[in-house]
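Fold and geometry: a report
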Amino acid sequence: MEHKDFELQVPEEYTLAYHIDAANKKTGILMTLGAFVIMVAAIALVYAGIPKPWSFTLFAGDTGRFFLFWVVWLVLTVVYLVLHELTHGAVYKAMTHQKLRFGITWSAAFCGVPDIYTYRRVAILSLIAPLTVFTIIFVALGLWLRTFSTAWYLVVGMLFAVHISGCVGDMFMTFKFLTKYKDPRTLMRDTGPEQWVYVPEE
Ligand SMILES: [Zn+2]
């Protein structure tokens, strides 16, 4: 069965059903708050997973090592952010072969495919790709590191916390598609910070 992955224009019988802008003040603040709540929960989970016996003396008396820990985490966080957006882009590119748009706003990094309207299936695949790939990578890596290095377990654990909370926007849009816009003919335009959802009229 042949199916299209995208349209170049919104077909006439479609109407705009939803619009979200991550760079909008209110939306950005709500997303950041949501991300914060998820991050606190993730950090609690990571701490609960620290191999016993655990003490807060891991870096005690070793400021250099403590500093190094956060430098390594920060560098890896930046690398992760780039890889996260490239993963969205890889799905869009593979399924549409269209021009991508990468960037950053005050509230989020983004990857969009601004010139087209992708079908729901493509939209969902692109939305969940980084969430799925990096959750598997960080959980597997964390469980392995935990067996021999608490410090590296914590680095990856903190990366996981950044990852899972940073996916709040992706999770929100996926939730919208799964609960509200279930028609496979649903189209999404994704410029990066903004998404528009179009549905066929009944
Ligand atoms: Zn994302």
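First, a word on what this report is: a plain description of the structure on this page. (Residues numbered from 1 in each chain as written. Predicted model: local features only at pLDDT ≥ 70, side-chain atom pairs only at ≥ 80, totals over all residues. Heavy atoms only, no water.)

**Focus on the packing of aromatic side chains**
Tallied over the full model, the rule gives nine aromatic pairs. For the ring pair Phe66 and Trp70, a centre distance of 6.4 Å and an interplane angle of 75° mean the geometry is edge-to-face. Here the residue Phe66 and the residue Trp70 both occupy positions in helix H2 (residues 63–96), the gap between them amounting to four residues, near one helical turn. By relative accessible area, which is 40% here, Phe66 ends up partly exposed. Centroid distance Tyr117 to Tyr198: 5.6 Å. Interplanar angle 80°. Geometry classified as edge-to-face. Here Tyr198 lies in strand E6 (residues 194–200) and Tyr117 lies in strand E4 (residues 109–119), a separation of 81 residues in the sequence. Exposure class is identical for Tyr117 and Tyr198. Each is buried. Taken together through their ring pairs, the aromatic side chains of Phe66, Phe69, Trp70 and Trp73 make up a single cluster. Taking NZ or CZ as reference, Arg189 lies 5.2 Å from the ring centre of Trp196, over its face. (Phe/Tyr/Trp six-rings, centres within 6.5 Å; stacked < 30°, edge-to-face > 60°. Helix = DSSP H or I, 4+ residues; strand = E, 2+ residues; numbered from the N terminus. Buried < 20%, exposed > 50% of the residue type's maximum accessible area, 1.4 Å probe, protein only. Lys NZ or Arg CZ within 6 Å of the ring centre and 35° of its normal.)

**Quick word on the environment of Arg185**
Of note, Arg185 is situated in the loop between helix H5 (168–179) and strand E5 (187–190). By relative accessible area, which is 44% here, Arg185 ends up partly exposed. Through-space distance from the C-alpha of Arg185 to that of Arg120 is 6.8 Å; in sequence the pair is 65 residues apart. Residue contacts for Arg185: discarding those within four places in its chain leaves Tyr14, Tyr119 and Pro200. (Contact = heavy atoms within 4.5 Å.)

**Here we look at the packing of H2 against helix H3 (residues 120–145)**
Here H2 crosses H3 at 140°, and the two axes come no closer than 9 Å. If you check the angle between H2 and H3, you find them oblique. Seen from above, H2 lies across H3 with right-handed handedness. In contact with Tyr80, Leu83, His84, Thr87, His88, Val91, Tyr92, Met95 and Thr96 of H2, H3 contributes Arg121, Val122, Leu125, Ser126, Leu127, Ala129, Pro130, Val133, Phe134 and Phe138. Among the residues making up the contact of H2 with H3, the classes are represented as 13 nonpolar, five polar and one charged. (Axes fitted to C-alpha atoms, helices over the stretch in contact; angles between N-to-C directions. Parallel < 35°, antiparallel > 145°, perpendicular 65-115°, else oblique. Left-handed = near helix turned anticlockwise from the far one by under 90°. Nonpolar A, V, L, I, M, F, W, Y, C, P; charged D, E, K, R; others polar.)

**Describing the nonpolar core**
Membership of the largest hydrophobic core comes to 23 residues, with the highest contact counts inside it found for Phe69, Tyr80, Phe138, Tyr153, Leu154 and Phe160. Of all the secondary structure elements, the ones that give two or more residues to this core are helix H1 (25–48), H2, H3 and helix H4 (150–166). If one sorts the elements of this core by residue count, H4 sits on top with eleven residues. Counting residues in each nonpolar core, the second largest holds 22 residues, with Val91, Leu127, Met188 and Val199 among its members. (Core = buried A, V, L, I, M, F, W, Y, C linked by side-chain atoms within 4.5 Å.)

**Quick look at H3**
Every α-helix carries 3.6 residues per turn, so stepping three or four residues along brings you back to the same face. Helix length check: H3, at 26 residues, gives a terminal C-alpha distance of 38 Å against a target of 38 Å (1.5 Å per residue), a fit within 8%. Taken as a whole, H3 carries its principal kink of about 35° at Ile128; the proline Pro130 stands between one and four residues after it. (Expected span 1.5 Å × (residues − 1). Bend = angle between axes of the 7 residues up to and from the residue.)

**So, the pattern of salt bridges**
Any two side chains of opposite charge can pair, so long as their charged atoms come close to each other. The final tally for this structure, using the stated rule, is four salt bridges. One salt bridge in this structure joins Asp115 and Lys99, with 3.9 Å as the shortest N-O distance. One end of the pair, Asp115, is in strand E4; the other, Lys99, is in the loop between H2 and strand E3 (101–104), and 16 residues separate them in sequence. Since its relative accessible area comes to 41%, Asp115 is described here as partly exposed. Given the relative accessible area of 53%, Lys99 is considered exposed. The closest approach of N and O atoms between Arg185 and Asp183, which form a salt bridge, is 2.7 Å. (Salt bridge = Lys/Arg side-chain N within 4 Å of Asp/Glu carboxyl O.)

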